[in-house]
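As a plain string of letters, each chain reads:
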Amino acid sequence: MNERIDTNRFTLDCRGRTLDARPFLRDGARVMGVLNVTPDSFSDGGRYLQVEDALARTGTMLEEGAAIIDVGGESTRPAGSVYGEGAPRVEAGEELERILPVLDRITEVHPEAIVSVDTYKADVAREALRAGAHVINDVTGLRHAPELAEAVARHDAALVVMHSVGAPGELTHRSEFDDVVAEVKQSLRESVRRAEAAGVEDVVVDPGFGFGKSTRDNLRLLAASDELLELGRPLLVGISRKSSIGAVVGEIRGTPDPAPVEERLFGTLGATAVAVMRGASLVRAHDVRATVEMVGSLGATLDSGEQVGDRT
Ligand code: HH2
């Protein structure tokens, strides 16, 4: 294990469930399976609106090796040239109506599962934690509702702070960065500080691919995962099927348009592999089996060649 890594900080305690999020493990990174219970998410919108469909999908993802299930009740699809108007904001009440029945069924049928809830609203986080969520995944990095962190701390849950720019529902592709890596790192440092000040011990950082960033910025951030690891917290990456991958694959194909969402798996895996080799230990993914097998093979290969040096 690299000396810069404080093992305590990288072994997450999610309300008594341990999640080993140390980087460069021999068996690869941990996979967070995406479960969007929304009508309009960019790649799986509308598929899991019925509680039993969401439950079946959860079972499949756990079987395929997901370490966490990330339940989302509001799409964060940004406005811009790629997706048009962007997803509308959802009131807390409606978001809870989507999430809570699913959360209840998952905790009933899969009591061993670690469940995270993708929300930036303090009211939604509070209710989700009361219903048993182990992790809150805040795509605004505590910019929208810093008080959300207090609820997370009260329940001894873990918190993901993701970098994004602008208000929820207005997370456009228009942000300009002089030095995207330095700016994202600085912003995440501030999010971690806020989380710690509220008493949250188990914090994960995420650079927020696709949120207000150009394809070039997204790729630079992915390649700079080792720099973000210097924040001293586990690093989560979520590049799965995103438009930057579509743009890269479209360019490879020599077509004027980005590759469609359902043709972005290989591109996603390639980009994710780079992040994992450079220190990401959690991967948010729609294609769980493919991702688990990719990161596992990556870990095994690196381990046989001793290329990363001081790994565990
Ligand atoms: N990406 C999305 C949503 N939540 N959370 C984290 N921590 N990191 C991410 O990269 C991330 C996230 C967007 O993807 P998806 O959930 O598939 O789509 P939508 O927002 O349209 O529901």
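What you see is a predicted model; the values in this text were computed from it and never measured. (Residues numbered from 1 in each chain as written. Predicted model: local features only at pLDDT ≥ 70, side-chain atom pairs only at ≥ 80, totals over all residues. Heavy atoms only, no water.)

Q: Looking at this model, I keep getting lost on the site of the ligand. Mind explaining?
A: Around the ligand, the surrounding shell holds 18 residues, and the nearest of these are Ser41, Ser75, Thr76, Asp206 and Lys242. Asn36 has a polar side-chain atom sitting 3.2 Å from an oxygen atom of the ligand. Residue Asp206 places a side-chain N or O atom 2.6 Å away from a nitrogen atom belonging to the ligand. In the complex, the protein chains occlude 98% of the 480 Å² of accessible area that the ligand would expose alone. Its residues assigned to classes, the shell around the ligand comprises six nonpolar, seven polar and five charged. (Near = heavy atom within 4 Å. Polar contact = N/O pair within 3.5 Å; in protein donor to acceptor, adjacent residues only side chain to side chain. Areas by Shrake-Rupley, 256 points an atom, 1.4 Å probe, with all protein chains shown as cover. Nonpolar A, V, L, I, M, F, W, Y, C, P; charged D, E, K, R; others polar.)

Q: Explain the pattern of salt bridges to me, please; I cannot follow it from the model alone.
A: Where side chains of opposite charge bring their charged atoms close, a pairing between them can arise. Inspection of every chain in the model, using the stated rule, returns 19 salt bridges. A salt bridge links Arg26 to Asp303; the nearest nitrogen and oxygen atoms lie 3.0 Å apart. In this pair, Arg26 sits in the loop between β2 (17-20) and β3 (30-36) while Asp303 sits in helix α11 (residues 288-305), placing the two residues 277 residues apart along the sequence. Its relative accessible area of 46% is what places Arg26 among the partly exposed residues. Across the salt bridge formed by Asp287 and Arg241, the nearest N and O atoms sit 3.0 Å from each other. Of this pair, Asp287 sits in the loop between β10 (282-285) and α11 while Arg241 sits in the loop between β9 (236-237) and α9 (243-253), placing them 46 residues apart in sequence. (Salt bridge = Lys/Arg side-chain N within 4 Å of Asp/Glu carboxyl O. Helix = DSSP H or I, 4+ residues; strand = E, 2+ residues; numbered from the N terminus. Buried < 20%, exposed > 50% of the residue type's maximum accessible area, 1.4 Å probe, protein only.)

Q: What should I look at first to understand the sheet that holds β9 in this one?
A: For sheets, the rule is that strands pair by backbone hydrogen bonds, running either parallel or antiparallel. Spatially, eight strands are ordered β8-β7-β6-β5-β4-β3-β10-β9 in an open sheet, and the strand pairing comes out parallel. Every other strand in the sheet has two partners, leaving β8 (203-206) and β9 as the edge strands with one partner each. The sheet contact formed by strand β4 (residues 68-72) and strand β5 (residues 114-118) spans five bridges and is parallel. Looking at the pairing, Gly72 lines up with Asp118 of β5. Across the face of the sheet, helix α3 (residues 92-109) comes into contact with β3, β4 and β5 while running at roughly 175° to β5. (Pairing = 2+ DSSP bridges. Contact = heavy atoms within 4.5 Å. Axes fitted to C-alpha atoms, helices over the stretch in contact; angles between N-to-C directions.)

Q: For this particular structure, what's the right way to read the pairing of β5?
A: Note on strand geometry: in a regular strand, side chains alternate between the two faces of the sheet. Counting buried positions along β5 gives five out of five residues, so the element sits mostly inside the fold. Sheet analysis places β5 next to strand β6 (residues 135-138), joined by three bridges and oriented parallel. Each residue of the ladder has a partner; that of Asp118, found in β6, is Asn137. On the question of chirality, the crossover connecting β5 to the parallel β6 by way of helix α4 (residues 122-130) is right-handed. (Right-handed = clockwise from strand over helix to strand, strands pointing away.)

Q: Looking at this structure, how should I read the side chain of Arg30?
A: Within the secondary structure, Arg30 is located in strand β3. By relative accessible area, Arg30 is classed as buried at 16%. Separated by 3.1 Å, the side chain of Arg30 and the backbone oxygen of Asp20 make a polar contact. A distance of 3.3 Å separates a polar atom in the side chain of Arg30 from a polar atom in the side chain of Asp27. Arg30 has contacts with Leu19, Asp20, Leu25, Ala67, Ser281, Leu282 and Val283, leaving out every residue within four places of it along the chain.

Q: Would you mind showing me how to read unusual backbone geometry here?
A: The general pattern is negative phi for most residues beyond glycine and trans for most peptide bonds. Despite not being glycine, Arg15 has its phi angle at roughly 55°, a positive value. Take Arg15: it is sitting in the loop between β1 (11-14) and β2. Assessed through its relative accessible area of 30%, Arg15 is described here as partly exposed.

Q: Teacher, can you tell me more about the environment of Thr272 here?
A: One can find Thr272 in helix α10 (residues 265-277). Judged by its relative accessible area of 2%, Thr272 falls in the buried class. Along the sequence, Thr272 and Met294 sit 22 residues apart, while their C-alpha atoms lie 9.2 Å from each other. Not counting chain neighbours up to four residues away, the residues in contact with Thr272 comprise Ile239, Val283 and Met294. Only 2.7 Å separates the side chain of Thr272 from the backbone oxygen of Thr268, close enough to count as a polar contact.

Q: Where do I start with the pairing of β1 in this structure?
A: Here β1 shows one buried face, formed by Leu12 and Cys14, and one open face, formed by Thr11 and Asp13. As judged from the four bridges shared by β1 and β2, these two strands associate in the antiparallel manner. Bridge assignment links Cys14 to a residue of β2, and that residue is Arg17. Following β1, the chain reverses through two residues before pairing antiparallel with β2; Arg15 in that reversal takes a positive phi of roughly 55°.

Q: Explanation requested: the side chain of Ser244 in the structure shown.
A: Among the structural elements, Ser244 can be located in helix α9. In this view, Ser244 contacts Ser214, Thr215 and Asn218; residues no more than four positions away in its chain are not counted.

Q: Just to check I follow, could you spell out the nonpolar core for this structure?
A: If you look at soluble globular proteins, the nonpolar side chains tend to sit buried side by side. In this structure, Leu35, Val71, Ile136, Leu148, Val152, Leu159 and Val200 are the most contacted members of the largest nonpolar core, which totals 77 residues. Setting aside anything within four residues of it in sequence, one finds Leu159 in contact with Ile136, Asp138, Leu142, Leu148, Ala149, Val152, Ala195, Val200, Asp202, Val203 and Val204. (Core = buried A, V, L, I, M, F, W, Y, C linked by side-chain atoms within 4.5 Å.)

Q: Which parts of the structure should I look at to understand helix α7 (residues 215-223)?
A: One turn of an α-helix holds 3.6 residues; hence residues three or four places apart share an orientation. By the burial criterion, the buried members of α7 are Asp217, Asn218, Leu221 and Leu222. One side of α7 carries all its buried residues, which in axial view fall inside an arc of 135°. In this structure, the buried residues of α7 make contact with α6 (180-197), α8 (225-229), β9, α9 and α10. (Arc of directions from axis to C-beta.)

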